[in-house]
Amino acid sequence: MTVKNKILLHACCGICSSYPIFQLREMGYEPIVYFYNPNIYPIEEYNKRVEAEKTLCNSNNCELVIAKYEPDVYFEKVKGFEQEPEHGKRCDICFEIRLRKSAQYALKSGIDTFTTSIVISPHKNFKLISEIGFKIANDYGLKYLAIDFKKKDGFLKTNKIANSLKLYRQNYCGCKFSVRKEEKEWNAV
Ligand code: SF4
């Protein structure tokens, strides 16, 4: 039996993490999915996204860790940046919070590599998120796998998997401040 290398996959939501699980397995990894998203608001929305992640992982026989919901941590860190537009400084902080916590969990669990599903969205800056990932990996002596899941139709594929499982589909990025953009600019995950 082949023993696969474990990798911690930070999952931002079920839709975005659908194809990354598949792709990482194709690459020879066994992903441990880590759901840590204190940015999501309100709690009802958070719970819907957790349920979607559970459905995805159950159907793929994939280990899932749901971290504690810590909205206070998010609000404290983005204080002063509430009015930033999407893709601004608040988002950089949001990526940093989630990736750092993921790295800490990976370290604690003896998993030496981590990555994130956030980058699969065409709305997200792969280069910037990769730089944050590398910096955090360096802080903890871990490896960050910078893989642009949206490449080779990854975004299309993730949506197909999510649709086949009827996963909950959000219409805003996640935080309280992105709700105001609902349905204006946010047509996809
Ligand atoms: S818009 Fe999205 S990435 Fe930016 S802070 Fe809000 S939840 Fe985080």
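Anything mentioned here points back to the structure above.
As a starting point, this report considers the structure included with it. Here the residue numbering is sequential within each chain, running from 1 through the sequence in written order. Totals for whole chains, interfaces and linings use every residue, but because this is a predicted model, local features are given only for residues with pLDDT of at least 70 and side-chain atom pairs only at 80 or more, for both listing and counting. Side-chain metrics in this entry use all non-hydrogen atoms of the structure; hydrogen atoms and water are not considered.

What to know about unusual backbone geometry
Step number 1: In this model, Tyr 41 is joined to Pro 42 through a cis peptide bond whose omega is -5 degrees.
Step number 2: Strands here mean DSSP runs of E at least two residues long; helices mean DSSP runs of H or I at least four residues long; both are numbered from the N terminus. Positionally, Pro 42 belongs in the loop between β2 (29-35) and α2 (43-60).
Step number 3: A positive phi angle, near 80 degrees, is found at His 87, a position not held by glycine.
Step number 4: Mapped onto the elements of the fold, His 87 is located in the loop between α3 (71-77) and α4 (89-109).
Step number 5: With a phi close to 65 degrees, Asp 153 is a non-glycine residue in the positive phi region.
Step number 6: By the secondary structure assignment, Asp 153 is in the loop between β5 (143-144) and α6 (154-164).

Observations regarding the site of the ligand
Step number 1: Summary of the distance rule: residues count as near a molecule or strand when at least one heavy atom falls within 4 Å of that molecule or strand. What surrounds the ligand is the set Asn 39, Tyr 74, Glu 86, Arg 90, Cys 91, Cys 94, Phe 95, Arg 98, Cys 173, Cys 175 and Ser 178.
Step number 2: The distinction between a cavity and a pocket rests on a 1 Å grid over the protein atoms alone: a 1.4 Å probe fits inside a cavity but cannot get out, while a pocket stays open yet meets protein on both sides within 12 Å along at least five of seven lines, and a residue with an atom within 4 Å of a point counts as lining. Put plainly, a molecule is in a cavity or pocket when over half of its atoms are within 2 Å of the grid points there. Taken atom by atom, the bulk of the ligand overlaps the second largest cavity.
Step number 3: In this classification, the charged set is Asp, Glu, Lys and Arg, the nonpolar set is Ala, Val, Leu, Ile, Met, Phe, Trp, Tyr, Cys and Pro, and all remaining amino acids, among them Gly, are polar. Across the shell around the ligand, the residue classes break down as six nonpolar, two polar and three charged.

Description of the pattern of salt bridges
Step number 1: By definition here, a salt bridge exists when the distance from a side-chain nitrogen of Lys or Arg to a carboxyl oxygen of Asp or Glu is within 4 Å. Under the counting rule described, the total for this entry stands at 11 salt bridges.
Step number 2: Two residues, Lys 54 and Glu 51, come together in a salt bridge whose shortest N-O distance is 3.4 Å. Linking Lys 54 with Glu 51, this pair stays in helix α2, spanning three residues, or about one helical turn.
Step number 3: Note that Asp 148 and Lys 150 form a salt bridge whose closest N and O atoms lie 2.9 Å from each other.
Step number 4: Judged by its relative accessible area of 22%, Lys 150 falls in the partly exposed class.
Step number 5: Connected through shared salt-bridge partners, Glu 96, Arg 100, Lys 135 and Asp 139 make up one network. Summary of the burial criterion: residues with accessible area below 20% of their type's maximum are buried, those above 50% are exposed, and those between are partly exposed, where the area comes from a 1.4 Å probe applied to protein chains only.

Digging into the packing of aromatic side chains
Step number 1: For this analysis, a ring pair means two rings from Phe, Tyr or Trp (six-membered ring only for Trp) whose centres lie within 6.5 Å, classed as stacked if their planes differ by under 30 degrees, edge-to-face if by over 60, and tilted for the remaining angles. Going through the model one piece at a time under the given rule, you end up with nine aromatic pairs.
Step number 2: Considering the side-chain rings of Tyr 46 and Tyr 69, the 3.9 Å spacing of their centres and the 25 degrees angle between planes classify their relative orientation as stacked. Highlighted residues: Tyr 46 in helix α2 and Tyr 69 in the loop between β3 (64-66) and α3, separated in sequence by 23 residues. Both residues of the pair, Tyr 46 and Tyr 69, belong to the buried class.
Step number 3: Residues Phe 134 and Tyr 144 carry aromatic rings whose centres are separated by 5.6 Å and whose planes lie at 85 degrees to one another, so their mutual orientation is edge-to-face. Residue Phe 134 is found in helix α5 (residues 126-140), and its partner Tyr 144 is found in strand β5; the two are separated by 10 residues along the sequence.
Step number 4: Note on Tyr 144: relative accessible area 7%, which makes it buried.

Some thoughts on empty space enclosed by the protein
Step number 1: Grid points are joined across faces, edges and corners, and a volume is the space filled by probe spheres set on the points. Within the structure shown, the criterion is met by two cavities of 30 Å³ or more.
Step number 2: In this structure, the second largest cavity encloses a volume near 80 Å³.
Step number 3: Surrounding the second largest cavity, Asn 39, Tyr 74, Glu 86, Arg 90, Cys 91, Cys 94, Phe 95, Arg 98, Lys 124, Cys 173, Cys 175 and Ser 178 form its lining.
Step number 4: No other element matches α4, which puts five residues into the lining of the second largest cavity.
Step number 5: Residues belonging to the lining of the second largest cavity are distributed by class as follows: six nonpolar, two polar and four charged.

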